[in-house]
Each structure stands twice: as C-alpha cells, then as structure tokens.
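The lines below spell out each chain.
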Amino acid sequence: TITKCHVHEVVNKETKEVADEIELPKNTYSPKAGKKVLEERGFDSDKYILVYKKPVQEKRELSEEDFIKYSKVVE
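Because the structure is a prediction, the values reported are computed rather than measured.

Caption draft 1: Quick peek at the pattern of salt bridges. On inspection of all chains with the given rule, the structure shows three salt bridges. Salt-bridge contacts for K53 lead to E9; the nearest nitrogen and oxygen are separated by 3.8 Å. Here E9 lies in strand β1 (residues 2–12) and K53 lies in strand β3 (residues 48–58), a separation of 44 residues in the sequence. According to the relative accessible area criterion, K53 is partly exposed, its value standing at 39%.

Caption draft 2: Structural context of the nonpolar core. In this structure, V10, I22, L24, V37, L38, F43, Y48 and L50 together form the largest nonpolar core, which totals eight residues. For this core, the secondary structure elements donating two or more residues are β2 (18–24), α1 (31–40) and β3. When residues no more than four places from it in sequence are discounted, the contact partners of V37 are I22, L24 and L50.

About the thresholds
Residues numbered from 1 in each chain as written. Predicted model: local features only at pLDDT ≥ 70, side-chain atom pairs only at ≥ 80, totals over all residues. Heavy atoms only, no water. Salt bridge = Lys/Arg side-chain N within 4 Å of Asp/Glu carboxyl O. Helix = DSSP H or I, 4+ residues; strand = E, 2+ residues; numbered from the N terminus. Buried < 20%, exposed > 50% of the residue type's maximum accessible area, 1.4 Å probe, protein only. Core = buried A, V, L, I, M, F, W, Y, C linked by side-chain atoms within 4.5 Å. Contact = heavy atoms within 4.5 Å.

Put into structure tokens, the structure is as follows:
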C-alpha cells in the first residue's frame, strides 16, 4: 500500500465552513506551500486555511524487481 496523495479541506477561518477539498501529492505541504496552493485555486490565504483530512492510499502489487530491490534495502 502506498500513499497516493493527501486530502486537505479548505476551511474559512471565520465561519469554519469547508469551501473545498484539495488533493495534494505527499511531501508538498508546508504553511508557505499551503498559501500558494490556496491562491492558485482562487482562495484568499488570509481568509482560508488548509486543514489536513486524510491520506488516499492505493494498493499496489510489487513486481518481482521491486520486491528484490526493497528486500536489499531492508537487509
């Protein structure tokens, strides 16, 4: 199982209403990046915040090559 992306909610700071949901690839979220993501999607970063909701996971079978590669890393 791998984490495909992370779901964040766009929340209005004043009303606490959820305005949207955004899926972000993993390891891309930081407060500075969050502001940029909001503004790219047309939200005012002074009025909205990103709130982490959940990871979206994907089950994936490992190929034999990957299995051997990961096995070596673990050893």
